[in-house]
Every structure is written in C-alpha cells, then in structure tokens.
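Remarks on the overall topology
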Amino acid sequence: MEILAGLFHGFAVALEPANLFWCFVGVLLGTVVGILPGLGPPATIAMLLPLTFNMNPAGAIIMLAGIYYGAKYGGSTTSILMNVPGESASVVTCLDGYQMAKKGRAGPALGIAAIASFVAGTVGVLGLMLVAPPIAKFALSFSSPEYFALMSLGLALVVLLAGRSIVKALLAALVGLWIASVGTDLFSSTSRFTFGQMELLSGIDFVVVAIGVFALAEVMVNMEAREETQLLPVPKGLKNLLPTMQDLKDCRFAFLNGSVIGFLVGALPGGGSTIASFLSYGLEKAVSPRREQFGTGVIEGVAAPEGANNSETGGALVPLLTLGIPGSGTTAILLAALVLWGFKPGPLFIPEHPALFWGLVASMYIGNVMLLILNLPLVPLFAQVLRMPVYVLYPLILGVSMVGVYSVSGSLFDLLLLLVFGLLGYLMRKLDYPSAPLILGLALGAGMERALRQSLMMSEGKLSILVARPISAVMLSFAVLVLLIPMFGKLNAWRLRALEQD
Amino acid sequence: MKSASSLIALVALLCAPLSFAQGFKPTRTVDLVVHTGPGGGSDVLARAIAIMVEKEKLLPVRLQVINKPGGNGAVAAAHLAEKRGDQNTLGLFTGVWLQTPLVSAEAKVTLRDLTPIARLVLEPAVIAVKADSPYKTLAEFIGAARKNPGQLKQSGGSNTSRDNVVRQLLQKSTGTRWAFISFPGGGERIAALLGGHVDIMVIEPEEAGEHIRAGNMRVLAQVSERRLAKFPEIPTLKEAGFDVPVVPQVRGVVAPPGIPKENVEFWQDFFRRLTRTQSWRKYIEDNQFEDGYQNAADLAKFYEEFTDRMREILKDAGVKTVR
C-alpha cells in the first residue's frame with residue numbers, strides 16, 4: 001500500500017511537464033552517448049553538472065539518471081554493426097550480435113537489444129522499487145570470499161566461450177588475466193609489467209583491449225581476404241528488420257535471466273555491468289538446448305547480456321540510494337551530483353526525500369518506454385550502415401574505434417595500445433585462438449585477484465574461508481559444475497556412440 | 001587573528017584591479033588539469049571551483065576541467081611538466097601526486113618539477129566502527145588489538161593511502177598490529193565495515209555523517225588537530241591519548257614549470273580571493289574540509305616537509321620507496 005502511494009506520488013512528480021521534458025532530454029542524450037563509443041555516461045554527466053545547478057533537483061536527477069540508463073540502450077549499436085564495443089558492458093554483445101549482422105540479421109539483433117533493454121530495464125526499476133532495502137542488506141553480506149567465488153564462476157564460463165580447443169581458450173584466458181595484472185598493485189604499491197611506462201601505472205583500459213582484439217582484428221582479417229569480401233546482406237522492409245515472433249520466443253528465458261542477474265550483480269558494490277553481462281551470457285549458453293550455436297549469431301546471445309546491463313542500472317541505484325554507497329563510476333558521479341545540490345545521500349535519503357526517490361523511480365518507467373519508442377525506429381536506419389561498400393565501412397570502423405579509445409582517456413598512448421591489441425587479435429584469429437576468453441580473463445582478473453588476496457588477509461592465509469561461507473561455497477560448486485559441462489558433452493557423445501554400436 | 005586575515009583579504013580585493021593592470025591576466029580559457037576521471041574526488045572539486053569562479057565572477061575567462069587520468073596521478077603531473085611555460089594551464093594536485101613518485105620509479109615528475117601556486121584544503125578524517133561494535137573508544141580497540149595481534153581488520157585504500165598511514169602511526173606508537181585490507185573504491189570500504197567484515201576504518205567525516213545519523217556507524221576519534229564543528233563530542237587522536245602526527249590529506253594548485261613570477265603572484269592571489277568567498281566557505285563547511293590556504297612559498301616548504309615525513313612513514317610500513 002505504501003509503495004502504491006509512493007508510486008502514485010512519484011508519477012505526479014515525473015509527469016510534470018518540465019520533468020517529463022528533462023526525462024526525454026536525458027534518455028535522448030544517453031542514447032547518443034551510448035552509440036558513440038568511448039564517451040560514456042560518467043563523462044557526460046560530469047560535463048552537464050554545472051548546468052544542473054540552477055535546475056530543480058527532481059528534474060536534474062531525472063535527467064542524469066536518464067543519461068545513465070539511456071546509454072545502456074545505445075551501447076549495443078556499434079557492437080552489433082561494427083564489432084566495436086561501445087562500452088565495457090556491451091563487449092559480450094559483440095559475440096553473437098556481430099555474427100547476426102554478418103548473416104544479414106543486424107535489424108533483429110538491434111531490435112532485440114532494444115526490447116531486452118526495455119524488459120530488463122523495467123524489471124530493474126521494479127526491483128529498485130519493491131526490494132531495495134532487503135537487497136541492500138544482502139549486498140552487504142557479500143564480502144571478498146563471495147566476490148572471489150562470483151568471479152570464479154564467471155571465469156569458469158571460459159569453457160563455454162571456447163571454440164574447438166579448450167586448451168587454446170584457457171591460454172587466451174591466461175593472457176587476459178596477465179593483462180589485468182599490469183599496473184600498480186593496490187596492496188603493495190609495486191609496479192607490475194609497466195616496462196618503465198608511467199601510462200601503464202594505472203593498468204590497461206578494458207575498452208582499449210576489447211576494441212583492439214574485436215574491431216581492429218576484424219578489419220585486418222577482412223582486408224586481407226579482400227577478394228572474397230562482399231557487401232553484408234541487409235534485407236529490405238521494416239518487417240524484416242525487426243525481431244520475429246520466433247525470435248521473441250527464443251529470448252523468453254534470456255529476458256528473465258538478464259533481468260535477475262543484472263539486478264543482483266548490479267546491487268553489489270563490487271559488481272558492475274561487465275560482470276553482469278558476462279554472467280548472464282554464460283548462464284544463457286549453459287542452459288540453452290542449442291548451446292553449440294552460441295557465437296555464430298543466436299538472438300538470445302544478444303538479449304541476455306543487453307538485458308543484464310540494463311537491469312544492472314536499477315540494481316546499482318540500490319546501494320547508492322539506500323546506503324549512499326556508489327558501486328561504479330557513474331553512480332559515483334551521481335552521488336557527487338546529489339551532494340553538490342545539497343543532499344546527503346545515505347541510509348536516510350529515501351525516508352527524508354520521498355518525492356525525489358519516487359519521482360526518480362516513476363521517471364525511469366516512463367524513460368524506458370521513451371527509449372523503446374526512440375530506439376526501435378532507429379533500427380532500420382542503423383541497419384543501412386552495413387549497405388556501405390567496404391572501402392567506406394572499414395575506414396569508418398577504424399575511425400570509430402580510434403575516436404572511441406581516444407575519448408576515454410585523451411591519450412595517444414592508448415591509441416598505440418589499441419594498435420598493439422589489434423595486432424594481437426589478428427594473430428589470435430590467424431592461429432585460431434578465441435578472443436572472448438581473453439576479454440573474460442581481463443574483465444575478471446583484477447577483481448578476482450583482489451578478492452582472493454583480501455579473503456586470505458581476512459583469514460590470515462587460510463584458504464578454508466572460501467568454502468566455509470555458504471554463499472561462496474555454493475557459487476564455487478556451480479563454478480566446478482560449469483567446468484564439467486564439456487565433459488558431460490563428451491560423455492554423452494561417447495554414450496550415444498556406444499548405443500549406436502549396440 | 002580572524003579579523004586580520006579578512007582585513008588582508010579586503011586589502012587584496014581592493015588592490016586586485018590595480019595588480020591586474022600591470023601584471024599577468026589570463027586571456028583565454030584556463031585548463032584545470034585533474035588526475036581522476038569524471039566523478040573522482042579531484043574532478044568534483046575542480047568542477048565545483050569552476051562553478052564558483054563563474055558565479056562569483058572571479059576571472060575574466062572560463063575555467064575548464066581537463067581529465068588526465070592514469071598512472072595514479074603521474075600522467076596528469078607529466079602533462080603539466082610538458083606544458084613548460086604555458087600560461088593558461090593549472091593542475092589540481094592531491095596527496096597522490098606527492099606519494100606516487102615516492103613509490104613508483106615510472107612517475108618521474110614531482111611537485112618540485114612544477115610551479116607551486118597555492119594549497120587550498122586539508123581534509124580531516126575520523127576513525128569509525130560499526131554501530132554494534134564492542135569498541136566504544138579507540139583505546140578499547142587498541143587494547144583488543146594488543147590481546148589478539150593481527151586478528152582485527154581495517155578496510156582502506158592502497159598501502160600508501162592516508163588510511164594506512166594513520167594505522168602505521170598508531171601501530172608504531174602502541175606496539176600493536178592489525179590487518180589492513182585494501183579496497184579500490186570508497187563504497188566497497190564502507191560496505192566491508194557495514195557488512196561486519198572488518199572492524200574499523202578511517203573515513204571522511206562527511207561520508208560518515210549520514211551513517212552515524214542513521215545509527216549504523218560510531219566514531220571513535222578524529223584525525224585532526226582540532227575537533228571538527230560537526231563532531232564536538234569526539235576526541236582528536238591526541239585527546240584520545242595517542243600522540244601521533246596528524247597526516248593531512250591535502251589538495252592544492254600547481255602550474256607548469258617555467259612560468260613568469262607575476263603569473264604565480266596572480267594565481268596565488270586569485271586562489272586566496274576564491275577561498276574568501278561565501279560559496280567557497282559554504283563548500284568547505286558542507287564537505288567538512290579545513291581551510292588550508294597557503295601561498296606558493298609556503299606550499300613549496302610544506303611539500304618538502306610532507307615528502308620527508310611520508311618517506312619515513314612508508315619505510316616504516318615496509319613500502320619500498322624509490323626517491
């Protein structure tokens with residue numbers, strides 16, 4: 001009842017014409033920022049902060065949040081069309097999204113990304129509205145051993161991202177873990193693998209590596225095989241550009257999976273949308289009856305991670321608004337904005353400013369609808385990008401990649417790194433090493449190492465802390481199960497062969 | 001004392017147009033370089049300054065924040081060093097700029113290689129436990145640490161952070177030891193304390209404020225020379241019986257090397273006028289910072305002292321220093 005009253009009040013705030021306008025401005029800006037690789041929501045929000053100073057706080061927070069979740073919608077666009085991950089959370093989207101585009105299904109891929117984002121984004125807001133306090137409590141019970149178990153579970157997914165050879169996948173994952181260890185060690189302040197380069201002191205940016213091994217390598221491989229390249233097929237007609245009923249049916253579980261995983265991982269202060277998207281992709285693949293087709297362009301391989309990274313927004317707002325604890329760069333700057341406007345985000349924020357909280361929640365329902373309406377008509381438009389001849393498309397991909405990398409840090413050194421990782425990606429393609437495990441290792445490596453060392457410091461060196469805690473033990477057992485999946489496959493094949501011989 | 005300083009400020013304010021006429025005056029947008037990405041502590045302060053400068057009409061040109069993240073401050077410091085002689089660039093430094101060159105050979109630019117302009121703020125800290133913790137005073141916590149060496153835990157940042165420095169000083173003066181667990185983000189540090197996974201933490205007073213008000217956290221002592229206005233009941237480290245040096249968390253302004261003397265005078269004067277404005281005072285108060293204004297000459301002296309002391313503390317903590 002209390003929630004209904006709050007929501008009613010919230011819609012009264014969110015539906016004020018001015019706030020409706022700011023909501024629209026926010027989601028529109030978010031979509032644009034999301035489509036452009038590199039320039040992410042934290043930078044955009046930081047640039048707009050001075051403008052919000054004279055705004056009504058409700059309108060301002062509605063707009064800034066709009067940028068935050070709006071960017072998650074746009075992030076998949078370049079992943080699908082160009083294999084250029086726009087932000088870390090849409091790296092996984094490249095795996096099946098770009099393959100769909102190559103098969104002439106860019107439209108359905110973009111469409112399902114928008115629909116999954118809408119469904120999971122809305123579920124995320126529902127979660128924020130209904131279960132924020134208990135989820136925040138659950139998130140606090142999560143500590144280093146649990147994070148280590150969660151990341152182990154994520155890393156175990158490497159066996160699902162492997163191509164033909166498990167060994168090659170493991171090697172690639174190891175290289176990813178190694179890249180993650182570059183930089184200053186947090187615990188001892190020692191430089192690791194920095195080769196005397198001060199730019200490497202803070203490590204290598206995830207997006208630089210991902211764009212290098214995905215986009216740059218793709219362009220190089222295609223340029224080499226230039227005789228065979230032909231235009232990517234783009235079917236005509238709006239109907240062929242949107243997902244079919246069958247597509248939606250295939251994604252039923254992905255919607256649920258993305259929504260739940262995204263929200264839960266988002267609510268953890270040490271979680272984040274990258275881990276959420278990898279986990280939901282892995283789960284989707286693990287339970288799918290057509291597991292072996294993942295990575296060749298299956299639609300639920302796009303829906304699950306895209307859903308997860310949108311539902312994550314609702315989750316990430318839980319610790320921010322109920323405890324004043326930011327879990328990511330974007331929530332940190334939202335926190336800074338609230339402080340600048342004179343609020344004190346913390347455990348008493350929601351009870352003391354119900355109009356602001358409920359106004360925000362209501363505006364997020366409205367914003368997600370706006371985003372769906374805004375994004376679906378863009379699908380046919382963006383799908384046309386692929387009609388461009390290769391001598392236009394490849395330079396465009398190169399340009400987008402470079403601008404994306406440069407705008408993250410404004411450093412030429414990162415462009416150099418991009419080239420290095422492009423070459424690495426190219427070599428890996430030539431030698432038939434899968435690149436997804438490398439990215440997975442890189443995404444999880446730093447956090448996993450930290451969580452393990454923190455756990456061992458907490459237990460004075462006893463490894464038993466990892467299995468003595470129930471949540472951690474359960475997740476580690478799941479990790480072991482996932483690692484055994486390929487063996488089940490082998491066993492099954494062996495059993496079938498034996499049956500045939502009978 | 002207070003009226004004297006405001007008198008000086010008044011005189012400075014009256015003389016300002018005069019010194020404008022003969023000295024340096026920025027003619028195009030001034031870049032304020034910070035070492036964090038958008039949303040980091042320095043970035044937020046820099047943007048707040050930019051807003052104040054606009055609101056109080058302190059400069060004829062705009063102040064624009066430039067993010068040069070990377071290298072734990074080294075990239076931003078090197079960027080300023082490369083801008084030798086540039087008259088339209090400033091940098092907002094923090095303790096990280098001073099500490100990174102001490103421990104990382106790759107970070108070659110120290111504050112000595114740049115032009116000091118002014119120190120702006122000192123950030124005090126408080127020592128906090130979870131509200132249901134058995135420790136009601138810092139002495140009780142130290143007593144428990146003595147009984148169970150290495151068993152109690154503190155959450156904090158890297159091992160060169162102020163959190164660890166406070167721990168090192170306390171450990172050394174009391175002959176006790178407890179574990180220090182590093183977390184990269186402030187949110188994770190607080191979550192570790194509130195979740196009951198660690199026993200104690202050093203936290204910024206403003207961050208702790210709301211958790212105290214909600215009854216989730218309790219403050220044992222303050223890391224500051226004087227009691228903070230919003231914590232009148234809480235003893236400082238010294239009052240709590242621990243006479244250890246108070247290591248300040250510092251923020252201030254530097255310029256590229258090789259700029260003319262009148263530029264330095266212009267900027268140190270400009271920042272003094274900034275720190276006397278109503279908006280600045282409100283900002284300082286809201287964030288529970290201490291006014292730490294020092295002019296260029298004093299800042300250079302501060303830097304030398306701070307570096308020497310820090311080097312000693314880090315050595316005691318077993319951290320390898322390279323300079």
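Residues numbered from 1 in each chain as written. Chains lettered and ligands numbered in written order. Predicted model: local features only at pLDDT ≥ 70, side-chain atom pairs only at ≥ 80, totals over all residues. Heavy atoms only, no water.

1. Section: the overall build of chain B
For clarity, the threshold we go by: Numbering goes from the N terminus for both helices and strands, where a helix is a DSSP run of H or I of at least four residues and a strand is a run of E of at least two. The reference for a compact globule is 2.2 Å times residues^0.38; the radius of gyration itself is calculated from the C-alpha atoms. Only heavy atoms enter the contact rule, under which two residues are in contact if any of them lie within 4.5 Å. Residue burial considers only the protein chains on display, and all accessible areas are found by Shrake-Rupley using a 1.4 Å probe.
The helix and strand inventory of chain B stands at 11 helices and 11 strands. In summary, chain B has a C-alpha radius of gyration of 21 Å against a globular reference of 20 Å for 323 residues, a match within 12%. Principal axes of the C-alpha set define a box for chain B whose edges measure 65 × 45 × 30 Å. Long-range pairs, those at least 24 residues apart, make up 77% of the contacts in chain B between residues at least 6 apart in sequence. Summed over all atoms, the accessible surface of chain B reaches about 13400 Å², with 51% contributed by carbon and sulfur.

2. Things to note about the packing of aromatic side chains
Two aromatic rings, taken as a pair, are described by how far apart their centres are and by the angle between their planes. Condition: A pair of aromatic rings is counted whenever rings of Phe, Tyr or Trp (Trp by its six-membered ring) have centres within 6.5 Å, and the orientation is called stacked for planes under 30 degrees apart, edge-to-face for over 60 and tilted otherwise. Using a 1.4 Å probe on the protein chains alone, a residue whose accessible area is under 20% of its type maximum counts as buried, one over 50% counts as exposed, and one in between counts as partly exposed. The rule is short: NZ of Lys or CZ of Arg within 6 Å of the ring centre and within 35 degrees of the ring normal puts a charge over the ring.
Applying the stated criterion to the full structure yields 20 aromatic pairs over all chains. Between F343 of chain A and F349 of chain A the ring centres are 6.1 Å apart and the planes differ by 85°, which places this aromatic pair in the edge-to-face class. Given a relative accessible area of 13%, F343 of chain A falls into the buried group. Through a chain of ring-to-ring contacts, the aromatic side chains of F24, F266, W267, F270 and F271 of chain B assemble into a single cluster. We note K168 of chain A situated over the ring of Y433 of chain A; from NZ or CZ to the ring centre the distance is 5.1 Å. Above the plane of the ring of F302 of chain B lies R119 of chain B, whose end atom (NZ or CZ) is 4.7 Å from the centre.

3. Describing the interface of chain B and chain A
For clarity, the threshold we go by: When two parts are brought into contact, each loses some accessible area as probed by a 1.4 Å sphere; the total of that loss over both is the buried area. Salt bridges, as used here, are contacts in which a Lys or Arg side-chain nitrogen is within 4 Å of a carboxyl oxygen on Asp or Glu. Polar contacts, as used here, are pairs of N or O atoms within 3.5 Å; protein pairs need one atom able to donate a hydrogen and one able to accept it. Residues neighboring in sequence count only if both atoms are side-chain atoms. Classification used: nonpolar for Ala, Val, Leu, Ile, Met, Phe, Trp, Tyr, Cys and Pro, charged for Asp, Glu, Lys and Arg, polar for all others including Gly.
Taken together, the contacts link 54 residues of chain B with 47 residues of chain A. Summed over both sides, the interface of chain B with chain A buries roughly 3800 Å², with 63% coming from carbon and sulfur. When the area that chain B buries against chain A is broken down by residue, the three leading residues are E106, H197 and E210 of chain B, summing to 17%. Across the contact surface, chain B and chain A share 2 salt bridges. As a salt-bridge pair, E206 of chain B and K344 of chain A come within 3.3 Å of each other at their nearest N and O atoms. Linking chain B to chain A there are 16 residue pairs in polar contact (both at pLDDT 80 or more). Secondary structure elements with two or more residues in the side of chain B that touches chain A: helix 2 (41-55), helix 3 (74-82), helix 4 (95-103), strand 7 (179-182), helix 7 (186-194), helix 8 (205-213) and helix 10 (278-287) of chain B. If one sorts the elements of the side of chain B that touches chain A by residue count, helix 2 of chain B sits on top with 6 residues. Tallied by class, residues from the side of chain B that touches chain A come to 22 nonpolar, 20 polar and 12 charged.

4. Some thoughts on the pairing of strand 6 (residues 153-156) of chain B
All names here are of chain B. Formally: The rule for pairing is simple: two strands pair if DSSP sees at least two bridges between them. A crossover gets the label right-handed when its path from the first strand over the helix to the second runs clockwise, viewed with the strands pointing away from the viewer.
Neither face of strand 6 is left uncovered, since the one carrying K153 and S155 and the one carrying Q154 and G156 both have all their residues buried. Of the strand pairs in this sheet, strand 6 and strand 7 are connected by 4 bridges, and their pairing is parallel. Within strand 7, the position partnered with K153 by the bridge is A179. Between the parallel pair strand 6 and strand 7, the chain is carried across by helix 6 (residues 162-174), and the sense of this crossover is right-handed. Pairing analysis gives 2 bridges linking strand 6 to strand 8 (residues 200-203), with the strands arranged parallel. Counterpart to S155 in the pairing with strand 8 is M201.

5. Focus: the sheet that holds strand 9 (residues 217-223) of chain B
Residues and elements named next belong to chain B. Short version of the rule: Helix axes are fitted only over the stretch in contact, all axes being lines through C-alpha atoms; the angle between N-to-C directions runs from 0 to 180 degrees.
Pairing is mixed across the open sheet formed by 5 strands, whose spatial order is 7-6-8-5-9. Edge strands, defined here as strands with exactly one partner in the open sheet, are strand 7 and strand 9. Strand-to-strand twist across the sheet, computed as the mean angle between neighbouring axes with direction ignored, equals 30°. Inspection of the sheet shows strand 5 (residues 125-130) paired to strand 9 by 6 bridges, in the antiparallel sense. Opposite V126, over in strand 9, you have Q222 as the bridge partner. Strand contacts of helix 5 (residues 138-147): strand 5, strand 8 and strand 9, with the helix running at about 95° to strand 9, the strand carrying the most contacts. Contacts from helix 8 reach strand 5, strand 8 and strand 9, with the element oriented near 155° to strand 9.

6. Concerning the domain arrangement of chain B
All names here are of chain B. Stated formally: The source of the domain bounds is an automatic or database domain assignment.
Looking at chain B, the domain boundaries give domain 1 (2-123 + 248-316) and domain 2 (125-223). Averaged C-alpha coordinates put domain 1 and domain 2 at centres separated by 30 Å. Each partner contributes to the interface: domain 1 provides 12 residues, whereas domain 2 provides 11 residues. When domain 1 packs against domain 2, the two sides together hide about 1000 Å² of surface, and 53% of this comes from carbon and sulfur. Connecting domain 1 to domain 2 are 1 salt bridge. Ionic pairing is found between D316 and K172, a salt bridge with its closest N-O pair at 2.8 Å. Of all elements in the fold, only helix 4, helix 10 and helix 11 (296-316) reach the threshold of two or more residues within the side of domain 1 that touches domain 2. In terms of residue count, the dominant contributor to the side of domain 1 that touches domain 2 is helix 11 (4 residues). Residue composition of the side of domain 1 that touches domain 2, grouped by class: 5 nonpolar, 4 polar and 3 charged.

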